[in-house]
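Structure at a glance
One-letter residues, chain by chain:
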Amino acid sequence: MNATLIASECEARTQPRVVVAGLASCFGCQLQITNAEAHLLEVLGQIDLRYWQLVSSEPLPDEYDVAVIEGAVTTDEAVRTVRELRAKAKAVIAIGACAVTGGVPGMAAAGFDDRVAGTFAGAVPSACGTMRAPKPVSDYIDVDFTVRCCPIDSYDFIRVLQSALYGSNHIEADRTMCGDCKRRENECFYKQGTLCLGLVTRAACGARCVNLGRPCNGCAGLSPDANLEAARATCTAAGVDPNRFDEALQMFNQAALIAAADAARKEAE
Ligand code: SF4
Ligand code: SF4
Ligand code: SF4
């Protein structure tokens, strides 16, 4: 980790050089950056934006200080890209569920080789690159900062970018989001017999969806404090089929669940 005081290191060169790269994603999180209109010009005034994949067809420049990465790693080419970004940048920021947990592309991770064989019958188009099972960026490189959710919150991004530029702390909460939800005095969905993944999801969004009357679908990723067995028991007690809980978890957490199952299998061997 070498993200401290990038701004002061860059004083001689005036402003930190930032690149924004996209891997397997819908570009929605890059688009969210543009939605912070009120602060965008202020932020752009603090950085030297060298490359933004959403609006550029140029290749990545050779030098930069901060690399912002959106999207899951799904090809050998993407592995090379993230390794190059890590090697050159002083700070790496992963944005959005695709980059942080594998996100929606991660839903194809289970049985990936069979899926590819079944879809392309051995003739993968060259435009797909050399495909591999979708994984989060942090499976391949060290990530200094994360901006979670699908899509990211624009202001979260600006806050984290400021942390990267000026070396202030950005410590992620490990807890699940139920505490944040209860502080907003929301009635728990389980009281209505409705599935809500906030029970096991990392507190990163202030219970955004539940505050708006919608159950959480887990886009911030599993909390390190998540107790899946206890969550399944809660489902059963509330009349929610625990299999639905397991299915819902796959949407944003499949890569993490596969990695956890692999680790448990290796430990048992
Ligand atoms: S996290 Fe969601 S909005 Fe962002 S790139 Fe992935 S799919 Fe799109
Ligand atoms: S399970 Fe969902 S609705 Fe219930 S407290 Fe947790 S976040 Fe709120
Ligand atoms: S409430 Fe859940 S689904 Fe909604 S943004 Fe937060 S983590 Fe994502």
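Residues numbered from 1 in each chain as written. Chains lettered and ligands numbered in written order. Predicted model: local features only at pLDDT ≥ 70, side-chain atom pairs only at ≥ 80, totals over all residues.

What follows covers the sheet that holds strand S2 (residues 48-52). Reading across from one edge, S2-S1-S3-S5-S7 is the order of the five strands in this open sheet, with parallel pairing throughout. With partners counted over all chains shown, the strands left at the sheet margins are S2 and strand S7 (145-147), one partner each. Across the sheet, the mean angle separating the axes of adjacent strands is 20° when strand polarity is ignored. As paired strands, strand S5 (residues 91-95) and S7 are joined by three bridges and run parallel to one another. Note on S7: the bridge partner recorded for Ile-95 is Val-147. Helix H4 (residues 76-88) rests against strand S1 (17-22), strand S3 (66-70) and S5 of the sheet, and its axis sits at about 155° to S3. (Pairing = 2+ DSSP bridges. Helix = DSSP H or I, 4+ residues; strand = E, 2+ residues; numbered from the N terminus. Axes fitted to C-alpha atoms, helices over the stretch in contact; angles between N-to-C directions. Contact = placed C-beta atoms within 7 Å.)

The assigned domain composition of the chain is domain 1 (6-166) and domain 2 (178-268). The C-alpha centroid of domain 2 is placed 26 Å from the C-alpha centroid of domain 1. On the side of domain 2, 14 residues touch domain 1, which itself brings 16 residues to the contact. Of all the secondary-structure elements, those providing two or more residues to the side of domain 1 that touches domain 2 are helix H5 (96-101) and strand S6 (131-135). In terms of residues, the side of domain 1 that touches domain 2 owes the most to one element, H5, which gives three residues. (Domains from an automatic or database assignment.)

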